[in-house]
Amino acid sequence: MKRYPQAEEMHKRAIEIKEKLLGPDDYEVALSIGHLASLYNYDMKKYEEAEQLYLRSIDIGIRLLGNTYSGLEYDYRGLIKLYSKTQQYQKLLHYQSIYDEYKQCVLIKMSQSRDSTVGSVSHMTVDEIKSEFFRMLST
């Protein structure tokens, strides 16, 4: 059963509540904005609304968590799909380039993080290794 209007209202309500409690530029707000953008993009074909929400989510994510924040991937991929569907090829190419650069930055960050911890692991306890592992997952 496709209940997109009800889903849309629930997403809007979640955004409203989070904005009141956490402020308009909080990480949790960005997540909910990205979810509503995806509903608009993939299910409801509300491309203009989806585009504005993706851009807002990207802006918040970069400001709060940096340009290698893992959640950016979904917003970039959503925008690329949206621009393909709406035949906005200049924007598609622009965001494909940004997405490609994002992936490179993530790979470099992962490599640097791995390289910096490999040598120090032999001197760590199991609990310290687990703690470092979960710290790396959250960055």
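Residues numbered from 1 in each chain as written. Predicted model: local features only at pLDDT ≥ 70, side-chain atom pairs only at ≥ 80, totals over all residues. Heavy atoms only, no water.

1. Here's the deal with the pattern of salt bridges
Going through the model one piece at a time under the given rule, you end up with 11 salt bridges. The closest approach of N and O atoms between Arg 56 and Glu 19, which form a salt bridge, is 2.7 Å. Of this pair, Arg 56 sits in helix α3 (residues 47–65) while Glu 19 is found in helix α1 (residues 4–22), placing the two residues 37 residues apart along the sequence. A relative accessible area of 27% places Glu 19 in the partly exposed class. (Salt bridge = Lys/Arg side-chain N within 4 Å of Asp/Glu carboxyl O. Helix = DSSP H or I, 4+ residues; strand = E, 2+ residues; numbered from the N terminus. Buried < 20%, exposed > 50% of the residue type's maximum accessible area, 1.4 Å probe, protein only.)

2. Here's the deal with the packing of helix α2 (residues 27–44) against α3
At a minimum axis separation of 8 Å, α2 and α3 run at an interaxial angle of 155 degrees. Judged by the angle between their axes, α2 and α3 are roughly antiparallel. Once α2 is placed against α3, the crossing between them reads as left-handed. Along the contact surface, α2 presents Tyr 27, Val 29, Ala 30, Ile 33, Gly 34, Leu 36, Ala 37, Ser 38, Tyr 40, Asn 41 and Tyr 42, while α3 presents Tyr 47, Glu 49, Ala 50, Leu 53, Tyr 54, Arg 56, Ser 57, Ile 60, Leu 64 and Leu 65. Residues of the contact of α2 with α3, tallied by class, amount to 15 nonpolar, 4 polar and 2 charged. (Axes fitted to C-alpha atoms, helices over the stretch in contact; angles between N-to-C directions. Parallel < 35°, antiparallel > 145°, perpendicular 65-115°, else oblique. Left-handed = near helix turned anticlockwise from the far one by under 90°. Contact = heavy atoms within 4.5 Å. Nonpolar A, V, L, I, M, F, W, Y, C, P; charged D, E, K, R; others polar.)

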